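Commentary on secondary and tertiary structure
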Amino acid sequence: MPEVAIIGAGQTPYGDFPLKGVKELFAEAYQEALASVDKGLDPNLIQALFLGSLSAGNGFQLGQLAPLLAGHVGLPDIPAVRVENACASGGFALLTAVQAIASGAYDLVMAAGVEKMRDVSSVQSKYWLGISGDTEYERLAGSTFAGIYAAMARRYMEEYGLKKEHLALVAVKNHRNGALNPKAQFRREITLETALKGVEVAYPFNIWDCCSTTDGAAVVIICNAKKAKDFTNRPVKIIGWGAGSDYLAIHDRDSLTSLKAVKNAAQTAYQMAGIKPQDIDFAEVHDCFTIAEILAYADLGFCQEGQAHRLLEEGVTSLEGRLPVNASGGLKAKGHPIGATGIGMACEIFHQLRGEAERKERQIRNGRTALSHNVGGSGGSATVFIYQREGE
Amino acid sequence: MGAHISVPMYQRSLPQRYRLVGLKCQKCGKINFPPKGTCKYCRASTEFIEVPLSGKGYVYTYTIIAGGGAPPEFTDQALIQGSYPVAIIQLEEGPRIMAQLVEVEREEIKIGLPVEAVFRRIYEEEGVIRYGYKFRPVVPPCKP
């Protein structure tokens, strides 16, 4: 099976961009990705586009978004398709692109993600964002995604003694990292006191436990690793990948303190890469709500189940810790333009592994192997990727 | 916001919403609720018989949806109540389901609280009031 390498990656800043639509956002990320290819890339070599997006902005373009965007950047002829799995749309777009290379069907393709969420009124966005769970049986109980994750957090508290302060520690850490990231939506630190005192959204969550709505796009260019040296001397290989699914409704699952889709995806990815969780130097994880990052630690094998909050207490996952998690600021502070999120994680890791973080304060030193984790909804689907640069 | 559970779609689930009708697998004997095409326990059988559930169970976990965070179709309820509790109920027959809690003070809600199903107004959409199950703490029988 051909090996897969990333040769270029770009993303827009994440945030609120009233003057840019999905076309402009996509074009900006695409141009940045092209420009990041060290030896240059003739766009005619791009053979296909796999685009992650949930709704392009409240579903204004229900069908054929990918061909629309490919045409906008001068690639009207290539096969282009939208890949959708709610918040994991980007991860599944990358998965499809990676498999397209690994299968030998293509030599060089583009995985992208885009979402335009700030155009949408809050009523519309509560409507749109609430219907990627089990609409009939979760939504009709009057619940929201925040409510679903909140119910998981409450169960975690019961089983493992998690405190509200631990949830707040995730928000504080990720806002601290976001403050250093020029592309983050929220670039200011918050104190533990602030994080504990926000307006309640869904007990035990307040507003600081929840990610925002965001405009943004991200693009990665991947190729058959054998050809990578034609484009750069510093490719980043994707050495393992995995995906999983689970019942959409959390009441259909055995455990509420672990996401089986993530566990299965991680196991597949580690096995393919031939490495263990201890070999990961840093990770970008899907912290749509603070509890989601806490669940991710054990599901990805960074600790035993129920021990995740200890890692936070000990600062293991802070920027200076042994295993930095969400150096970008994560979904919490960098932002969560749904379809772009999984691709944006790959961009962050590509640049971090090449020592190209925009500011040296946020550059992770000596990182060689990294992991990204992208979750659809409350765990109905998930992808995990493991990346490695060459050298020691 | 436009309808997302149309009247016909709601109608098809009335046995579940009005009478908590589950599907008992003819192979492994376990009860699926909500209904599944293939039994979620043995993953082998598609043969079921309908059995109404007792509606008895306990709170497995819960949240309190704040007024400002409620879905648009529950905004009226959130406005009146300020917030409302949503729980996952562990039913005595095995399945868990998500539903609102009623007739309960916020301070009373805890994991393990025994509850029973009640038939209540859920919300209104397309001009049609939708009814279904909610849960309340088990009321001790009245003493003469």
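Just above sits the structure.
On a predicted model such as this, the values are computed, not experimentally measured, just so you know. (Residues numbered from 1 in each chain as written. Chains lettered and ligands numbered in written order. Predicted model: local features only at pLDDT ≥ 70, side-chain atom pairs only at ≥ 80, totals over all residues. Heavy atoms only, no water.)

1. Comments concerning the interface of chain A and chain B
Here is the rule we go by: What makes two residues a contact is simply this: any of their non-hydrogen atoms within 4.5 Å. Buried area: the accessible area, evaluated with a 1.4 Å probe, that two parts lose upon being put together, summed over both parts. Between Lys or Arg on one side and Asp or Glu on the other, a salt bridge is scored when a side-chain nitrogen of the former is within 4 Å of a carboxyl oxygen of the latter. We call two N or O atoms a polar contact when they sit within 3.5 Å, provided that within protein one can donate a hydrogen and the other can accept it, with sequence-adjacent residues counted only if both atoms are side-chain atoms.
Each partner contributes residues to the interface: chain A has 35 residues there, and chain B has 43 residues. Note on chain A versus chain B: buried area summed over both sides is about 3,400 Å², and carbon and sulfur give 59% of it. For Asp252(A), the salt bridge goes to Lys40(B), with nearest N and O atoms at 3.3 Å. Taken together, chain A and chain B are joined by 17 residue pairs in polar contact (both at pLDDT 80 or more).

2. Looking at the pattern of salt bridges
To keep things clear, this is the line we draw: A run of H or I in DSSP becomes a helix once it reaches four residues, and a run of E becomes a strand once it reaches two; helices and strands are each numbered from the N terminus.
This model, assessed by the stated rule, comprises 35 salt bridges over all chains. The residue Lys164(A) makes a salt bridge to Asp209(A) at a minimum N-O spacing of 2.8 Å. With Lys164(A) in helix H6 (residues 164–179) and Asp209(A) in the loop between strand S6 (205–206) and strand S7 (215–224), this residue pair connects regions lying 45 residues apart in the sequence. Through salt bridges that share partners, Lys56(B), Glu103(B), Glu116(B), Arg120(B) and Arg136(B) make up one connected network.

3. As for the sheet that holds strand S1 (residues 21–25) of chain B
Residue and element names in this part refer to chain B. For clarity, the threshold we go by: Note on pairing: two strands pair once DSSP finds at least 2 bridges between them.
Reading across from one edge, S2-S1-S3 is the order of the three strands in this open sheet, with antiparallel pairing throughout. Each edge of the sheet is formed by a strand with only one pairing partner; in this case those strands are strand S2 (31–32) and strand S3 (48–52). Relative to S3, S1 runs antiparallel, the two being bridged by five bridges. Directly across from Gly22, in S3, lies its bridge partner Val51.

4. Let's talk about the sheet that holds strand S4 (residues 108–116) of chain A
Residue and element names in this part refer to chain A. The cut-off we apply is this: What counts as an axis is a line fitted to C-alpha atoms, over the stretch in contact for a helix, and the angles between N-to-C directions run from 0 to 180 degrees.
Judged by pairing direction, the sheet is mixed, and its nine strands sit side by side in the order S3-S2-S4-S7-S1-S8-S11-S10-S9 without closing on themselves. Both outer strands of the open sheet, strand S3 (80–83) and strand S9 (282–284), are each paired with one neighbouring strand and no more. For this sheet, the mean inter-axis angle between neighbouring strands, taken without regard to orientation, is 25 degrees. Where strand S8 (residues 236–245) and strand S11 (residues 381–389) come together, nine bridges link them in antiparallel fashion. The partner of Gly240 across the bridge, within S11, is Ile386.

5. A look at unusual backbone geometry
Omega for the bond connecting Tyr203(A) with Pro204(A) falls within 30 degrees of zero, at 5 degrees, which places this linkage in the cis form. The omega angle of the peptide bond from Phe33(B) to Pro34(B) is -10 degrees, so this bond is cis rather than trans. When you line up the elements, Pro34(B) lands in the loop between S2 and S3. With a phi close to 60 degrees, Asn366(A) is a non-glycine residue in the positive phi region.

6. Topic: the pairing of strand S8 (residues 128–137) of chain B
Residues and elements named next belong to chain B. Direction of pairing for strand S7 (residues 114–125) relative to S8: antiparallel, over a ladder of ten bridges. Paired with Tyr123 across the two strands is Arg130, which belongs to S8. Between S7 and S8, which pair antiparallel one after the other, the connecting turn spans two residues, and Glu126 there sits at a positive phi close to 55 degrees.

7. A few points about the side chain of Asn32(B)
Take Asn32(B): it is sitting in strand S2. A distance of 2.9 Å separates the side chain of Asn32(B) from the backbone nitrogen of Lys40(B), its partner in a polar contact.

8. Observations concerning the nonpolar core
Residue and element names in this part refer to chain A. The following threshold applies: Residues enter a nonpolar core if they are buried and are Ala, Val, Leu, Ile, Met, Phe, Trp, Tyr or Cys, with the set joined through side-chain atoms within 4.5 Å. For each residue, the accessible area found with a 1.4 Å probe, counting protein chains only, is set against the maximum for its type, and the residue is called buried under 20%, exposed over 50%, and partly exposed in between.
Among the nonpolar cores identified, the biggest contains 73 residues, and Tyr149, Ile291 and Leu300 are the most heavily contacted of them. If one sorts the elements of this core by residue count, helix H5 (residues 145–160) sits on top with ten residues. Apart from the residues within four sequence positions on either side, Leu300 is in contact with Val262, Ala266, Tyr270, Pro277, Val285, Leu371, His373 and Val384. Judged by nonpolar contacts, the second largest core, of 40 residues, contains Ala93, Ile101, Ile222 and Ile364.

9. As for the packing of aromatic side chains
The condition that has to hold: Pairs were defined over the aromatic rings of Phe, Tyr and Trp, the Trp ring being its six-membered one, requiring ring centres within 6.5 Å. Orientation was assigned from the angle between planes: stacked under 30 degrees, edge-to-face over 60, tilted for the rest. By the criterion adopted, a ring carries a charge over it if an Arg CZ or a Lys NZ lies within 6 Å of its centre and within 35 degrees of its normal.
Evaluated as defined, the whole model comprises 13 aromatic pairs over all chains. Here Tyr156(A) and Tyr160(A) contribute two aromatic rings whose centre-to-centre distance is 5.1 Å and whose plane-to-plane angle is 55 degrees, an arrangement assigned as tilted. Of this pair, Tyr156(A) and Tyr160(A) both sit in helix H5, four residues apart, which is roughly one turn of that helix. Residue classification places Tyr156(A) among the buried positions, given a relative accessible area of 1%. Above the ring of Tyr60(B), the side-chain terminus of Arg155(A) is found at 3.8 Å from the ring centroid. Above the plane of the ring of Tyr60(B) lies Arg96(B), whose end atom (NZ or CZ) is 3.8 Å from the centre.

10. A short note on the pairing of S1(B)
All names here are of chain B. Of all five residues that make up S1, four are buried, and the element is covered over most of its length. Pairing between S1 and S2: two bridges, direction antiparallel. Counted as the bridge partner of Lys24 is Ile31 from S2. Between the antiparallel neighbours S1 and S2 lie five residues, among them Gly29 with a positive phi of about 85 degrees.

11. Observations regarding the packing of helix H1 (residues 22–35) of chain A against helix H2 (residues 65–72) of chain A
All names here are of chain A. Cut-off, in case you're wondering: Each angle gets one of four labels, with under 35 degrees taken as roughly parallel, over 145 as roughly antiparallel, 65 to 115 as roughly perpendicular, and the rest as oblique. Each crossing gets its handedness from the near helix: less than a right angle anticlockwise from the far helix is left-handed, clockwise is right-handed. Each residue is assigned to one of three groups, with Ala, Val, Leu, Ile, Met, Phe, Trp, Tyr, Cys and Pro labelled nonpolar, Asp, Glu, Lys and Arg labelled charged, and all others, Gly among them, labelled polar.
Direction vectors running N to C along H1 and H2 enclose 60 degrees, while the axes themselves pass 9 Å from each other. Put simply, H1 runs oblique to H2. Two packed elements cross with a definite hand, and for H1 against H2 that hand is right-handed. Judged by residue contacts, Val22, Lys23, Glu24, Phe26 and Ala27 of H1 engage Leu65, Leu68, Leu69, Ala70 and His72 from H2. Within the contact of H1 with H2, the residues separate by chemical class into seven nonpolar, one polar and two charged.

12. Comments concerning H6(A)
An α-helix turns once per 3.6 residues; consequently, residues spaced three or four apart project the same way. Our working rule: A helix's residues, less one, multiplied by 1.5 Å, set its expected span.
Its 16 residues place the ends of H6(A) 23 Å apart at the C-alpha level, agreeing with the 22 Å of an ideal helix rising 1.5 Å per residue. Among the 16 residues that make up H6(A), 13 are buried, leaving the element largely enclosed by the rest of the structure.

13. Section: the state of the cysteines
Residue and element names in this part refer to chain A. Using the following cut-off: We call a pair of cysteine sulfur atoms a disulfide when they lie within 2.5 Å.
Following the criterion strictly, the structure yields zero disulfides over all chains and no others. The structure places no disulfide on Cys211, whose sulfur is separated from the nearest cysteine sulfur, that of Cys288, by 5.9 Å. With relative accessibility at 19%, the residue Cys211 sits in the buried group. With no disulfide of its own, Cys303 lies 17 Å from the sulfur of Cys288, the closest cysteine sulfur. Its relative accessible area of 15% is what places Cys303 among the buried residues.

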